[in-house]
Amino acid sequence: MWTPLLLLLASWQVFAQVPLPEPPFLPQNASAGASPSSGGVPNPQWSSLLGNLLYFYEAQRSGKLPSTKRVKWRNDSALTDGQDVKLDLTGGYYDAGDYIKCTFPLSFTVMSICWGATDFGKGYDLANQTPYLDDMLRWSLGWLMKAHAANNTLFVQVAEDELDDTYWGGDQGIPSPRPSYQVNDTSPGTDAAAGTAAAFAACSNLYANRIFSNTYSGPATLQNATYAATLLQHAQQLFTFATSASGGQALYQHSVPEAGKAYTSSGYGDELAIAALFLSWATNSSSLYQQAQGYWQQYGLSSYDGVFNWDNKTPGLPVLFTQIAQANPTFGGNASTWQTVAEKYFDGIVYGSGPGYQTHGGLLYYDDDSNDASLNPALNAAMLLTRYVPLASTQSRKNDYLNYAKSQVNYVLGNNPMQAPYIVGANPNSPQNPHSAMASGGNNVSTINTYPAQEAYILYGAVVGGPDKYDRYFDIRGDWPETEVALDYNAPMLTLAAMHVLNDTSDPFYTSLKAGAYDSNKPQGMPCDDAYTEGCGGPQLSEGGQIALGVIFGLTGLAIFSLLAWWGMLVLKGQHELLY
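Residues numbered from 1 in each chain as written. Predicted model: local features only at pLDDT ≥ 70, side-chain atom pairs only at ≥ 80, totals over all residues. Heavy atoms only, no water.

Focus on the packing of aromatic side chains
Note the cut-off: Two rings from Phe, Tyr or Trp (for Trp, the six-membered ring) form a pair when their centres are within 6.5 Å of each other. A pair whose planes differ by under 30 degrees is stacked, one over 60 is edge-to-face, and the rest are tilted. Numbering of helices and strands starts at the N terminus; helices are DSSP runs of H or I of at least 4 residues and strands are runs of E of at least 2. Each residue is assigned to one of three classes by its accessible area relative to the maximum for its type, calculated with a 1.4 Å probe on protein chains only: buried under 20%, partly exposed between the two thresholds, exposed over 50%. Any Lys NZ or Arg CZ that is within 6 Å of a ring centre and within 35 degrees of that ring's normal is treated as a charge sitting over the ring.
What the rule picks out here adds up to 29 aromatic pairs. With centroids separated by 5.4 Å and ring planes inclined at 90 degrees, the aromatic side chains of Y289 and F321 adopt a geometry described as edge-to-face. One end of the pair, Y289, is in helix α11 (residues 286-298); the other, F321, is in helix α12 (residues 317-327), with 32 residues separating them in the sequence. The class of Y289 is buried, set by a relative accessible area of 0%. For the cation-ring pair, R70 lies above Y132, with the distance from its terminal atom to the ring centre recorded as 3.7 Å. A cation over an aromatic ring shows up here: R387 above the ring of W115, its NZ or CZ 3.9 Å from the ring centre.

So this is what it looks like as structure tokens:
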């Protein structure tokens, strides 16, 4: 007979996470990223990058930190979150460079990472990063479980955005109060509930080892059937809430205006569809697959050709529809039809017929969506393209899609006009001033760019927002569109790095960069974006571009002057001949 103690021990075993390595993985000094490796699979440099990208999430943790914490400069913080509603909402992650906690972008981040680790999880295994992947996911999912306080209740934000924005300091002086905001049965948030359901379902698939196809590497080795069942239960409850709330269906910011200030949702059809799809695979349900197809039609999702991100999951849907249709034809999905839909979208990116275009330096750019955090649309596109390659209908598409995805990854890793890898701590040319209140060491938002002169702590593994449409990156701490870090910025790069660990024998591009390369290309003056307008009247080129443009103007002026002189000589000659 099971005693209470044995039951407790058994429960602990099924929920226990993968043991963390000892000694722990720690990021190397940025100088290590300037040294070529010995190559091979797994490539040491790609493995190190994957580890750094996961390490960033530890730096973003909120709540009571465990004894195994690796980011030594981080402290316990926000230990009273949820007290205003008599709940424990401590833990989770700070969303970006400040101290609010937001369910909507976190659920997208977790969904993306679990989907990636289901298809390319062996990359984590090869890099010995699976324990840290498990640790990161459980920290995320544990907080989302707390936020899902009842069947029809989901907390969507902790802390007030405007109050939080006025504070620029460390994690021990975070201002209060930190109010808790919820959607519920009478004040629903269809997008937030369905998006969180998708995250739970995607991660349930990962922990249950539900693979889509043997053409991928397969899931990371962290299977746990009981934990997967718990995640699935939350997913099913939240999907029911999203579809059946007594208050109907609504954007979450309509019910909680404060929660929509930082992350405003544009619709909920995409969240309903992707939640239904992940749930269909988790429960072997053809009816849910058909329901997802119904949402695609009902909400006119086929007309969308924009970016894949925390707000809009639509571009990922045809890929997932195709994966499931090929994996289980009995669901009634037509794989070739969904291939056509997916390839129409991807062809628009790769062959230039869509709304995105390439900057002069080669970055995929969407006006408006890329203005703040330009790297995120490009990395998400690269991640979807690489995932879709095994499903593509022709060999030429396989080649073109993969090459285009690699070009975007290489751009982010330093093959750009700035010669800057846009991941903090990866290389001596990496950003030095990420927009992070906790890492900066500053204590006053009015001196954000000057104090301290050098960032107090290195936020290893953080993907920054990225350059402007002219490929310029100013590396100014207060310039949040370019330098801010965020949970969702790292998500696609994690999956891409895991892909490269699996089969790339060559090093990441940044190992070829010479010390001081970024300093030689750094633009002068100020940027022109939502943070600063001082640079909006000046030349929109890097220093090198300005020099090149000056040379062009100079040569052009010289040519014009020579032509005028020649014409003048002809006129004088003609007048002289008339005299005789």
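A look at the side chain of R477
Heads up, the condition is: We call two N or O atoms a polar contact when they sit within 3.5 Å, provided that within protein one can donate a hydrogen and the other can accept it, with sequence-adjacent residues counted only if both atoms are side-chain atoms.
Here R477 lies in the loop between α16 (437-440) and α17 (480-483). Classification of R477 as buried rests on a relative accessible area of 2%. Only 3.0 Å separates the side chain of R477 from the backbone oxygen of I448, close enough to count as a polar contact. A polar contact of 3.0 Å, which involves the side chain of R477, links it to the backbone oxygen of P452.

Regarding the pairing of strand β2 (residues 153-158)
Spelled out, the test is: Paired strands, in this sense, are two strands between which DSSP finds at least two bridges.
Summarising burial for β2: six of the six residues are buried, a large majority. As judged from the two bridges shared by strand β1 (residues 101-102) and β2, these two strands associate in the antiparallel manner. Opposite K101, over in β2, you have V158 as the bridge partner. Where β2 meets strand β3 (residues 180-184), five bridges bridge the pair, whose relative direction is antiparallel.

Regarding the nonpolar core
Applicable threshold: The set of buried Ala, Val, Leu, Ile, Met, Phe, Trp, Tyr and Cys residues whose side-chain atoms join them within 4.5 Å is what this entry labels a nonpolar core.
In terms of nonpolar packing, the biggest core is built from 171 residues, with Y124, L137, L141, F278, F346 and M493 touching the most fellow members. It is helix α7 (residues 190-207) that provides the largest number of residues to this core, a total of twelve residues.

Examining the environment of S287
When you line up the elements, S287 lands in helix α11. At 2.9 Å, the side chain of S287 and the side chain of S285 are in polar contact.

A closer look at the packing of helix α14 (residues 375-388) against helix α15 (residues 395-412)
Keep this limit in mind: Between N-to-C directions, angles cover 0 to 180 degrees, with each direction set by a line fitted to C-alpha atoms, over the stretch in contact for helices. Definitions for this section: a left-handed crossing has its near helix turned counterclockwise from the far helix by less than a right angle. A right-handed crossing has that turn clockwise. Here a residue-residue contact requires only that any non-hydrogen atoms of the pair lie within 4.5 Å.
As a packed pair, α14 and α15 sit with axes 8 Å apart at the nearest point and diverge in direction by 145 degrees. As for the relative orientation of α14 and α15, their crossing is left-handed in sense. Contacts between α14 and α15 involve L375, A378, L379, A382, L385, T386 and Y388 from the former and Y401, L402, Y404, A405, Q408, V409, Y411 and V412 from the latter.

A look at unusual backbone geometry
Generally, phi is negative for residues other than glycine and the peptide bonds are trans, each holding for most cases. Note that the residue after E22, namely P23, is joined by a cis bond; omega there is 5 degrees. One can find P23 in the loop between α1 (4-15) and α2 (44-59). A cis amide bond links S176 with the next residue in sequence, P177, at an omega value of 5 degrees. Tracing the sequence through the fold places P177 in the loop between α6 (161-165) and β3. Here A159, not a glycine, exhibits a phi torsion of approximately 95 degrees, which is positive. Counting through the fold element by element, A159 comes out in the loop between β2 and α6. A relative accessible area of 3% places A159 in the buried class.

So, the state of the cysteines
Filter applied, for reference: When two cysteine sulfur atoms are found within 2.5 Å, that pair is recorded as a disulfide.
Per the counting criterion, the structure on display carries two disulfides. Sulfur-sulfur distance for the disulfide between C114 and C203 comes to 2.0 Å. Torsion about the S-S bond of the C114 and C203 cystine: about 90 degrees, corresponding to right-handed handedness. Here C114, found in helix α3 (residues 103-119), pairs with C203, found in helix α7; they are 89 residues apart in sequence, far enough to count as distant. Across this residue pair, the class does not change: C114 and C203 are buried. For the protein chain, numbering the cysteines in disulfides from first to last along the sequence yields the connectivity 1-2, 3-4.

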